[in-house]
Amino acid sequence: GRLYTEQDPLDILTGDTLKQTLSNSSTAWLVQFYSSWCGHCIQYSPTWKALAGDVKDWTQAIRIGVLDCAHEKNFDICKEFSIHFYPTFRYFKAHSTTFDIGKTYRGADREIQTVRQLMVNFIQNHTRQNWPAGCPSLEPARTENIQSLIGLKSDHYTAVIIEDEESYIGREVILDLMPYEGVVVKRVLNSEKVLLEKLGITTAPAAYLFYPNGTHAGMDVQKKIRFFFSSFLKLLPGVHRKHSPSVQQPEPAAFKDQSTSELYRDFDKSKVYMVDLESGLHYLLRVELATHKTLEGVELKTFKDFVTVVAKLFPGRQSVVKLLETLLEWLVSLPLEKIPYEAILDLANNKMRISGLHLTERVQWLGCQGSSVALRGYPCSLWTLFHVLTVQAASRPDALANTALEDDPLAVLQTMRQYIGMFFGCRECGKHFEEMAQESMSQVKSLDEAVLWLWRKHNQVNARLAGSMSEDPMFPKTQWPTPDLCPTCHEEQDGLHVWNEDMVLAFLKKHYSAANISPKYTSDIHPEAGAVAANKAISTPSSVIIKGLKPSPEGIPKHMKQTDESGTGGIQKEPNLPFLGLGFSGVDMSLCVLLYAFSCVFLMLMFFFFRVRSKRWKIKNHRLHV
Ligand SMILES: Cc1cc2nc3c(=O)[nH]c(=O)nc-3n(C[C@H](O)[C@H](O)[C@H](O)COP(=O)(O)OP(=O)(O)OC[C@H]3O[C@@H](n4cnc5c(N)ncnc54)[C@H](O)[C@@H]3O)c2cc1C
């Protein structure tokens, strides 16, 4: 196959595009000319991709490209650029107006850290005239510049990285924060003794933060490494990724949900919320699945597997778990090959309620609330649900015993894969997820590996979506868990950020455990819960929007359109008959008729019984008299 694909965070260049791309570009370029038949190029490609991912936020200053010299259509351009060996790394300056074959990197060390630092040096080699547009200064600031910030109010934070002259951390953090607004990063050398003394800094590297309100303090990070500094700054309240002008930016201070005027409610990022999980389940069962008139074949199998997984593994409240278990029993006991979805809804909505089994009927987000209705919500709850389920499966390995899914470490992941592919309203998401599943899901051999697989793939999605339209500016897509949630999950090896996967696994098992699920706002009868319902009752069509979808040419997924047209918020109308102003289901009515018929027959029997008896009695009496 090809060494690089469109999914990689780099530009694939060709003979047709190369010159045009490089000439008068607003950014510098680092291009690898390779050959797809060269074994070393093949071996090196993961490193190059990792480098491109590592400097993904630097693209306003320097971009990474690849060009395959073994491809016929590139023969001429590789000759023109005098590429003799593979791979050849060439740097191209920004704003170059004359033809330039670039500057070759001849070093033997091609490790990420070395190449990344060369990129920084290369950017610094630009002059004032050809400096890449959008790239802040990488020169160290002086004591005077920083001292003047003390006590100064501003509309942004200023972060100051104090380090020695050879250190690259400051410059790398400046470049990492380039696509973000609300924060300015500066670098100061530790030779600025007066300033260091004034701020009370004794060791380098160190970081200091000047707040918009005029106060200042040391930056509180667990490890003094690039990734921790950058993550800390990206997560500051009010700091967010610059979006294209078409994406509206909500006000950070008072972010309100415009369509429902519900206030944003505070929540704790280190918790999982039951309202999100229940709202997601409600949406899935009553809206998303309800657009399918009947379930049969693989769809029915997928639905049964899904219900099996949630009934056995969902660590929910008793009324919800019982509802799921009853649904499962019903599905298993029915040997039907085709089930009308109305029957399932009738069961869940009417019959079970009589026995006190109940799942919330409104969509209400807390940990998954977005800064506007079109963001976060349902897809966020779905990720959360499946993380919870993989963790539950790993901590209760026998939970699926005696079901169709027993002894399968892939039970939850395969069910998710099937569900997402078949029913999830976002088709594109389904396609991407299927690609990831085909690539590596079969390598998962244990329940723990399943937990980690889902985490890794979710991060891959986060990386792809960072800066896209489906990113909520208030909740930037990051590689998760961030250092503030799990400092021990992060390490640095040869200057490159790496995960400590043992720590990540331990963290996931704790974060998505039943003990970490908060019941806040779950009570349905509680008046407060009603008041805070983010999207009110599900029957307001405008409140039911599948969240986090890219506005595709087709716009809203097909079944969501139906939802809006019907004006019922997508809920299949329960087959209720109006009677005396009350809603009775078909079954309730048939029971009534049956009871009525029974009592009629009973009364008639009584009538005849007494009639016969009284006749006999009369005859007996008559005889006596006679
Ligand atoms: C299977 C699937 C595929 C999707 N594919 C696409 C797509 O191709 N294009 C598109 O535009 N949207 C896609 N989406 C939607 C997108 O991934 C987000 O769900 C949506 O943009 C909402 O984002 P969010 O900020 O709420 O965070 P989400 O990504 O939804 O994450 C929810 C919560 O999970 C936690 N979390 C974050 N990362 C991880 C992790 N690695 N491991 C464990 N927990 C984590 C965080 O607490 C986060 O708040 C997909 C959703 C799903 C469920």
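The preceding data block contains the structure.
Student: Explain the overall build of the chain here, please?
Tutor: When helices and strands are tallied, the chain shows 20 helices and 21 strands. Within the chain, the proportion of its 626 residues that are buried is 49%. With the model as given, the accessible surface of the chain reaches about 31300 Å², and the carbon-plus-sulfur share is 56%.

Student: It is not clear to me how the site of the ligand should be interpreted in this structure. Could you clarify?
Tutor: The ligand sits among 24 residues. The nearest are Arg376, His432, His458, Lys477 and Tyr512. For the ligand, an oxygen atom lies 2.9 Å from a polar atom in the side chain of His432. Contributions of two or more residues to the shell around the ligand are made by helix 13 (378–395), helix 14 (411–422), helix 15 (427–440) and helix 16 (447–465). If you tally residues by element for the shell around the ligand, the top one is helix 16, at 7 residues. Among the residues making up the shell around the ligand, the classes are represented as 13 nonpolar, 7 polar and 4 charged.

Student: Just to check I follow, could you spell out the pairing of strand 8 (residues 183–189) for this structure?
Tutor: As a general feature of sheets, a regular strand has side chains that alternate between the two faces. Counting buried residues along strand 8, 5 of its 7 residues qualify, which places the element largely inside the surrounding structure. Note: strand 6 (residues 157–163) against strand 8, 7 bridges, orientation parallel. Bridging across to strand 8, Ile161 finds its partner in Arg187.

Student: Could you clarify how one ought to interpret the pattern of salt bridges in this entry?
Tutor: Close approach of charged atoms allows side chains with opposite charge to pair. Under the counting rule described, the total for this entry stands at 20 salt bridges. One salt bridge connects Asp11 with Arg63, and the closest N-O pair in it is separated by 3.3 Å. Of this pair, Asp11 sits in strand 1 (residues 11–12) while Arg63 sits in strand 3 (residues 62–68), and the two are 52 residues apart along the sequence. With a relative accessible area of 28%, Arg63 lands in the partly exposed category. With its nearest N and O atoms 3.2 Å apart, the salt bridge here joins Glu428 to Lys431. Of this pair, Glu428 and Lys431 both sit in helix 15, separated by 3 residues, roughly a single helical turn. If you follow the salt bridges from partner to partner, you end up with Asp54, Arg116, Glu172, Asp176 and Arg226 in one network.

Student: What is the right way to look at the state of the cysteines in this model?
Tutor: Such a bond, covalent and formed between the sulfur atoms of two cysteines, is termed a disulfide. As enumerated under the stated definition, the model contains 5 disulfides in all. Covalent S-S linkage joins Cys69 and Cys78, the inter-sulfur distance amounting to 2.2 Å. Across the S-S bond linking Cys69 and Cys78, the dihedral sits near -85°, which makes this disulfide left-handed. With a sulfur-sulfur separation of 2.1 Å, Cys368 is cross-linked through a disulfide to Cys380. Its S-S torsion of about -75° marks the bond between Cys368 and Cys380 as left-handed, since a negative value means left-handed. Taken together, the positions of Cys368 in the loop between helix 12 (341–354) and helix 13 and Cys380 in helix 13 put the pair 12 residues apart, joining distant regions of the chain. The exposure class assigned to Cys380 is buried, which follows from its relative accessible area of 16%.

Student: Please explain the packing of aromatic side chains as it appears in this structure.
Tutor: How two aromatic rings sit relative to each other is set out by the distance from centre to centre and by the angle between their planes. Throughout the structure, instances matching the rule amount to 28 aromatic pairs. Look at Phe81 and Phe92: their rings are 6.1 Å apart centre to centre, the planes differ by 65°, and that puts the pair in the edge-to-face class. With Phe81 in the loop between helix 3 (75–80) and strand 4 (88–92) and Phe92 in strand 4, this residue pair connects regions lying 11 residues apart in the sequence. For the ring pair Tyr91 and Phe122, a centre distance of 4.7 Å and an interplane angle of 35° mean the geometry is tilted. Of this pair, Tyr91 sits in strand 4 while Phe122 sits in helix 4 (residues 112–124), and the two are 31 residues apart along the sequence. The same class applies to Tyr91 as to Phe122, namely buried. One aromatic cluster is present, formed by Phe33, Phe81, Phe92 and Phe99 through successive ring pairs. The ring of Tyr168 is capped by Arg171, whose NZ or CZ atom sits 4.3 Å from the centre of that ring. The ring of Phe475 has Arg376 sitting right over it, with the charged end atom 4.2 Å from the ring centre.

Student: Explanation requested: the packing of helix 13 against helix 16 in the structure shown.
Tutor: Where helix 13 meets helix 16, the closest approach of the two axes is 7 Å, and the angle between their N-to-C directions is 160°. In terms of orientation, helix 13 and helix 16 fall into the roughly antiparallel class. When you trace helix 13 past helix 16, the crossing you get is left-handed. Contacts from Trp383, Phe386, His387, Thr390, Val391, Ala393 and Ala394 in helix 13 reach Leu447, Asp448, Ala450, Val451, Leu454, Trp455, His458 and Val461 in helix 16. Looking at the contact of helix 13 with helix 16, its residues break down into 11 nonpolar, 3 polar and 1 charged.

Student: Help me out: how do you make sense of the packing of helix 6 (residues 169–176) against helix 8 (residues 226–234) in this one?
Tutor: Working note: a packed helix pair is described by the angle between its axes plus the distance between those axes. Contact pair helix 6 / helix 8: the axes reach a minimum separation of 9 Å and the direction vectors enclose 35°. Regarding helix 6 and helix 8, the two cross each other, and that crossing is right-handed. Residues Ile169, Glu172, Val173 and Asp176 of helix 6 pack against Arg226, Phe229, Ser230, Leu233 and Lys234 of helix 8. Here the residues of the contact of helix 6 with helix 8 are counted per class, giving 4 nonpolar, 1 polar and 4 charged.

Student: Would you mind going over the environment of Lys477 with me for this structure?
Tutor: Looking at the element boundaries, Lys477 is found in the loop between helix 16 and strand 17 (490–493). Take Lys477: its relative accessible area is 24%, and that puts it in the partly exposed class. Between the alpha carbons of Lys477 and His497 there is a distance of 17 Å; along the sequence they are 20 residues apart. Leave out the neighbours within four places in its chain, and Lys477 touches Asn462, Leu465, Ala466, Ser470 and Glu471.

About the thresholds
- Residues numbered from 1 in each chain as written.
- Predicted model: local features only at pLDDT ≥ 70, side-chain atom pairs only at ≥ 80, totals over all residues.
- Heavy atoms only, no water.
- Helix = DSSP H or I, 4+ residues; strand = E, 2+ residues; numbered from the N terminus.
- Buried < 20%, exposed > 50% of the residue type's maximum accessible area, 1.4 Å probe, protein only.
- Areas by Shrake-Rupley, 256 points an atom, 1.4 Å probe, with all protein chains shown as cover.
- Near = heavy atom within 4 Å.
- Polar contact = N/O pair within 3.5 Å; in protein donor to acceptor, adjacent residues only side chain to side chain.
- Nonpolar A, V, L, I, M, F, W, Y, C, P; charged D, E, K, R; others polar.
- Pairing = 2+ DSSP bridges.
- Salt bridge = Lys/Arg side-chain N within 4 Å of Asp/Glu carboxyl O.
- Disulfide = S-S within 2.5 Å.
- Phe/Tyr/Trp six-rings, centres within 6.5 Å; stacked < 30°, edge-to-face > 60°.
- Lys NZ or Arg CZ within 6 Å of the ring centre and 35° of its normal.
- Axes fitted to C-alpha atoms, helices over the stretch in contact; angles between N-to-C directions.
- Parallel < 35°, antiparallel > 145°, perpendicular 65-115°, else oblique.
- Left-handed = near helix turned anticlockwise from the far one by under 90°.
- Contact = heavy atoms within 4.5 Å.

Purely spatial values, then, with no claim about function.
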